[in-house]
Amino acid sequence: MSGGALGGGLLVAGTTSDAGKSVVTAGICRWLVRQGVKVAPFKAQNMSLNSFVTREGAEIGRAQAMQAQACRIEPTALMNPVLLKPGGDQSSQVVLMGKPVGEMSARGYHGGRQGQLLGTVLECLAELRGTYDAVICEGAGSPAEINLRRTDIVNMGIARNARLPVLVVGDIDRGGVFASFFGTVALLSPEDQALVAGFLVNKFRGDVSLLEPGLDMLLGLTGRPTYGVLPFRHGLGIDEEDGLRVSLRGTVRESNVAPPVGEDVLRVAVCAVPLMSNFTDVDALAAEPGVVVRFVDRPEELADADLVVIPGTRGTVKALAWLRERGLADAVMRRAAEGRPVLGICGGFQVLGEHIEDDVESRQGHVEGLGVLPVRVRFAREKTLTRPVGTALGEQVEGYEIHHGVAEVAGGESFLDGCRVGSVWGTHWHGSLESDGFRRAFLREVAAAAGRRFVPAADTSFAGLREEQLDLLGDLVEQHADTDALWRLIESGAPQGLPFIPPGAPA
């Protein structure tokens, strides 16, 4: 395949949320870039607490940042012009072109604001299509959400306006994939159906020959082919947006199964606070041989932990109340008093401080913190969005900051932008643990404080592991999808004459 036609495009939709749209989009992007195609990702509207800061200081979904990495390009706000960050009480912060523009209820957003953003979304997509050979777009939820179709700007709304062919992804591991494919098409209007080119089966286990009769029947029923059957693969630690890749009280699925280098393993317990954001901060820990990471919600689950992490959250005061209600706050304070390791990141850093003044996020004013770090936090209306670099524990560190809370540090040892007291560390920096040298130095400190004979591996490269995972996604597409047919779709659009499947969308 050569460089392709200018402005080719494809919308990867799904039968449900978490059908695999993000990873399939990344896989198609990595497959294309390996063929010499200049490609970019795009998601018009994203609802996620898992976000990232671009080099120009714009906040976008981490899934789009990961997809940009799959394309081997820098992420920009153009790739995710609208980001919704849920904050509870049926409202979300609206982030437009990387900057917050206010809070809005779901009713208010879908009642008019969403439609007003269509022009911005289409301009961003047009700019990307004018720059790249192909733009692979990701939908949200299902394109057959008939209650939201009138104001849709991320599924068929963007496909119709930009004349994008649509590939519908279904998670067969959940069951019911044939009904989901058929029903998705049958609930769309004739104009929308004309853009749905076919299907892609995701997470298949077993003998594909047993599936093929069903795919033939689906073709007969809908007039649309299946472009590939991607097998289920363990170990795809790729950033997602809508849900955790963990089960509560279970280990992170991507935890490395390699044996520890030293004599002991290191156990990490992550408090599963409400509105948890950027839970991917601990992925780099889980990538280390001998480090076991699990998410917890009970104080007894901290007892055998060598390190407790309080992660970021969109609701710092709400998370603080939750920690107290659960008895986790007392357990964390006891740990701190005993010199046992605790790490607070962003909102988790803020709850470890002495007190919080919040007239912005929770609007609860003065709230007492856990008091284990000499820090006072005041919430500012303007959000801090930066990509800091620095040193800690004698190592270079890179990170990114996304927060309204401004910390006034009044003691302790300097630690990134926060502080350290004994074996309690706090920082606003997300992503710092992805810096390999710093992560190893930090784990050595944790192991020493915990009395564990744990030794971090000398050669673990988190960036290298991420590249391997992206290449694996590209391999899945290349080996298990009809790539010639996919390229024709991207280059030429949906085939003409696709049949209408009744009943279609309600009036």
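Our subject is the structure that appears above.
About the criteria used
- Residue numbers here run from 1 along each chain, matching the order of that chain's written sequence.
- Totals for whole chains, interfaces and linings use every residue, but because this is a predicted model, local features are given only for residues with pLDDT of at least 70 and side-chain atom pairs only at 80 or more, for both listing and counting.
- Calculated side-chain values reflect all of the structure's heavy atoms, with hydrogen atoms and water omitted.
- Secondary structure elements follow DSSP: runs of H or I no shorter than four residues count as helices, runs of E no shorter than two count as strands, and numbering proceeds from the N terminus.
- Atoms counted for the radius of gyration: C-alpha only. Globule rule: 2.2 Å times the number of residues to the power 0.38.
- For each residue, the accessible area found with a 1.4 Å probe, counting protein chains only, is set against the maximum for its type, and the residue is called buried under 20%, exposed over 50%, and partly exposed in between.
- Per-residue and other accessible areas were derived by the Shrake-Rupley procedure at a 1.4 Å probe size, with only the shown protein chains allowed to occlude residues.
- Only four residue types enter the charge count, namely Lys and Arg as positive and Asp and Glu as negative; His and the chain termini do not.
- Think of each charge as sitting on NZ of Lys, CZ of Arg, CG of Asp or CD of Glu.
- Between Lys or Arg on one side and Asp or Glu on the other, a salt bridge is scored when a side-chain nitrogen of the former is within 4 Å of a carboxyl oxygen of the latter.
- Note on aromatic pairs: the rings of Phe, Tyr and Trp (six-membered ring only in Trp) are paired at centre separations within 6.5 Å, and the planes decide the class, stacked below 30 degrees, edge-to-face beyond 60, tilted for the rest.
- Consider the ring centre and the ring normal. A charge sits over the ring if Lys NZ or Arg CZ is within 6 Å of that centre and within 35 degrees of that normal.
- The rule for pairing is simple: two strands pair if DSSP sees at least two bridges between them.
- To define axes, lines are fitted to C-alpha atoms, for helices over the stretch in contact only, and angles between the resulting N-to-C directions are given on a 0 to 180 degree scale.

> Residues and numbers for the overall build of the protein chain, please.
Assigned secondary structure in the protein chain consists of 15 helices and 27 strands. In terms of overall dimensions, the protein chain is globule-like: its C-alpha atoms have a radius of gyration of 23 Å, near the 23 Å expected for 507 residues. Each principal axis of the C-alpha distribution contributes one length, and for the protein chain these read about 70 × 50 × 40 Å. Looking at the protein chain as a whole, 58% of its 507 residues are labelled buried. For the protein chain, the accessible surface area stands at approximately 19,400 Å², while carbon and sulfur atoms represent 50% of it. Averaging the positions of the 49 positive and the 62 negative side-chain charges in the protein chain gives two centres separated by 3 Å.

> Let's hear about the pattern of salt bridges: which residues, and what values?
Applying the stated criterion to the full structure yields 28 salt bridges. For the salt bridge of Arg55 with Glu74, the shortest nitrogen-to-oxygen distance reads 3.3 Å. You can see Arg55 sitting in the loop between strand S4 (51-53) and strand S5 (59-61) and its partner Glu74 sitting in the loop between helix H2 (62-70) and strand S6 (82-86), a full 19 residues away along the chain. Measuring nitrogen to oxygen at the nearest pair gives 3.1 Å for the salt bridge that ties Glu263 to Arg453. In this pair, Glu263 sits in the loop between strand S12 (226-231) and strand S13 (266-271) while Arg453 sits in the loop between helix H13 (436-450) and helix H14 (462-480), placing the two residues 190 residues apart along the sequence.

> Now, about the packing of aromatic side chains: what can you tell me, with residues and values included?
Applying the stated criterion across every chain yields a total of five aromatic pairs. Where Phe415 meets Phe438, the ring centres are 6.0 Å apart and the plane angle is 40 degrees; that geometry is what we call tilted. With Phe415 in strand S25 (residues 413-415) and Phe438 in helix H13, this residue pair connects regions lying 23 residues apart in the sequence. The buried category is assigned to Phe415, whose relative accessible area is 4%. The ring centre of Tyr132 lies 5.3 Å from the NZ or CZ of Lys38, which sits over that ring.

> Got a sec to walk through the sheet that holds S6? Specific residues and values, please.
Pairing in this open sheet of four strands is mixed, and the strands run S3-S6-S7-S8 from one edge to the other. The open sheet terminates on both sides in strands that have one partner only, identified here as strand S3 (45-47) and strand S8 (99-105). Across the sheet, the mean angle from the axis of one strand to that of its neighbour is 25 degrees, orientation sign disregarded. Where strand S7 (residues 91-96) meets S8, six bridges bridge the pair, whose relative direction is antiparallel. Bridging from a neighbouring strand, Val94 pairs with Gly102 of S8.

The values are spatial; any link to function lies outside them.
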